[in-house]
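# Per-entry structural report
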Amino acid sequence: MTPPSAGAARARPARDWLELTTIGGVLARGAARRPEHDSLVFPDGRETYAETLASSYAVARSLRAHGVGRGDVVVILMPNCPAFVHAFFACAHLGARALLVNARYKTHELAHVLRDAGVAAVLTTDLVSEHVDFVPLLDAVPSEARPRLRVMLGESAPPGFVNRASFLEASAGVTLDAVRGEAAAVRIRCVGHLLYTSGTT
């Protein structure tokens, strides 16, 4: 059998696998390569990769300022919207575990998840999804199952929640370099997000 020539070997790609990165690294890489390209497109607006990355860093800095860090579980309870994406990647930058919750959960189901997962924070919105108002749903959860931090990323300021303005103002206490340092320490084998099954199928 004749071995391949040196020229044939040089013509092959340098490697036969994809470049691996973390969940947060996917967004950071996209922003570095295509900062002005669309990353999010919604009926009422769009964002570039650079804008989405900046917003996710702002949420990460605010979470860190409120004591959320590596390994903590953060519930994201909101419909499809830019704030959901920002929160998801913010958790990834910090090495926190984003727990994506079904917007149709009843109070007892949500309470079980919050209690079982040992949730550190809940990020929600006042956007109504599937006719569900998340604030009364969270308020109905028994006090022993409620996380120490509940954040409203919408326009309202319900009692018992940190409102959006106050939450984002806290980011001033954490530098962008600090969050980038946290992101650099996250490994591809770290747990990025959690999902609870419904058990229906």
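Look up: the structure comes first, before these words.
None of these values were measured; they are calculated from a predicted model. (Residues numbered from 1 in each chain as written. Predicted model: local features only at pLDDT ≥ 70, side-chain atom pairs only at ≥ 80, totals over all residues. Heavy atoms only, no water.)

### Examining the overall build of the protein
Looking only at helices and strands, the protein has eight helices and seven strands in total. Here the protein, with 201 residues, has 40% of them falling under the buried criterion. For the protein, the proportion of contacts with a sequence separation of at least 24, taken over those separated by at least 6, is 73%. A total of about 11400 Å² of accessible surface is found on the protein, and carbon and sulfur atoms cover 53% of it. (Helix = DSSP H or I, 4+ residues; strand = E, 2+ residues; numbered from the N terminus. Buried < 20%, exposed > 50% of the residue type's maximum accessible area, 1.4 Å probe, protein only. Contact = heavy atoms within 4.5 Å. Areas by Shrake-Rupley, 256 points an atom, 1.4 Å probe, with all protein chains shown as cover.)

### Some words on the environment of Ser 62
Secondary-structure assignment places Ser 62 in helix H3 (residues 49-65). Residue Ser 62 is classed as buried on the basis of its relative accessible area, which comes to 0%. Residues Ser 62 and Phe 167, 105 residues apart in the sequence, show an inter-C-alpha distance of 6.1 Å. Contact partners of Ser 62, with chain neighbours within four places excluded, come to Phe 167, Leu 168 and Ser 171. Here the side chain of Ser 62 touches Phe 167 through a polar contact of 2.9 Å, landing on its backbone oxygen. (Polar contact = N/O pair within 3.5 Å; in protein donor to acceptor, adjacent residues only side chain to side chain.)

### Structural notes on the side chain of Ser 171
Structurally, Ser 171 is set in the loop between helix H7 (164-169) and helix H8 (176-185). Excluding residues within four positions of it along the chain, Ser 171 makes contact with Ala 58, Arg 61 and Ser 62.

### Examining the sheet that holds strand S5 (residues 121-124)
Taken together, the five strands give an open sheet; going across it, the order is S6-S5-S3-S4-S7, and neighbouring strands pair in parallel fashion. The two strands at the open ends of the sheet, each matched to only one other strand, are strand S6 (149-152) and strand S7 (193-194). Bridge count for S5 against S6 is four bridges, and the pairing is parallel. In the strand pairing of S6, Val 122 is matched with Arg 150. Here helix H5 (residues 107-117) sits on the sheet in contact with strand S3 (73-77), strand S4 (97-100) and S5, set at roughly 160 degrees to S3. (Pairing = 2+ DSSP bridges. Axes fitted to C-alpha atoms, helices over the stretch in contact; angles between N-to-C directions.)

### Describing the pattern of salt bridges
Side-chain pairs of opposite charge can arise where the charged atoms are in close proximity. All told, the structure shown has six salt bridges when counted by the stated rule. Of the charged contacts, one joins Arg 115 and Glu 144 as a salt bridge, the two residues approaching to 3.6 Å between their closest N and O atoms. With Arg 115 in helix H5 and Glu 144 in the loop between helix H6 (134-139) and S6, this residue pair connects regions lying 29 residues apart in the sequence. What makes Arg 115 partly exposed here is its relative accessible area of 44%. Classification of Glu 144 as exposed rests on a relative accessible area of 58%. Residues Asp 139 and Arg 150 are paired through a salt bridge, measuring 3.2 Å at the closest nitrogen-oxygen approach. On the criterion of sequence distance, the pair formed by Asp 139 in helix H6 and Arg 150 in strand S6 is long-range, its members being eleven residues apart. Connected through shared salt-bridge partners, Arg 64, Arg 70 and Glu 182 make up one network. (Salt bridge = Lys/Arg side-chain N within 4 Å of Asp/Glu carboxyl O.)

### Brief notes about the packing of H3 against helix H4 (residues 82-94)
At a minimum axis distance of 8 Å, the contact between H3 and H4 shows a crossing angle of 60 degrees. The orientation of H3 relative to H4 falls into the category oblique. Like other packed secondary-structure pairs, H3 and H4 cross with a definite hand, here right-handed. Packed against H3, whose contacting residues are Thr 52, Leu 53, Ser 55, Ser 56, Tyr 57, Val 59, Ala 60, Leu 63 and Arg 64, the element H4 presents Val 85, His 86, Ala 87, Phe 89, Ala 90, Cys 91, His 93 and Leu 94 at the interface. Of the residues assigned to the contact of H3 with H4, the class counts are eleven nonpolar, five polar and one charged. (Parallel < 35°, antiparallel > 145°, perpendicular 65-115°, else oblique. Left-handed = near helix turned anticlockwise from the far one by under 90°. Nonpolar A, V, L, I, M, F, W, Y, C, P; charged D, E, K, R; others polar.)

### Considerations on helix H2 (residues 23-33)
Listed as buried for H2 are Gly 24, Gly 25, Leu 27, Gly 30 and Ala 31. Those residues of H2 that are buried are in contact with H3 and H4.

### A short note on the environment of Asp 133
When you line up the elements, Asp 133 lands in the loop between S5 and H6. Taking the C-alpha atoms as reference points, Asp 133 and Ala 103, separated by 30 residues in sequence, lie 9.3 Å from one another. For Asp 133, the side chain forms a polar contact with the main-chain nitrogen of Val 135, separated by 3.4 Å.

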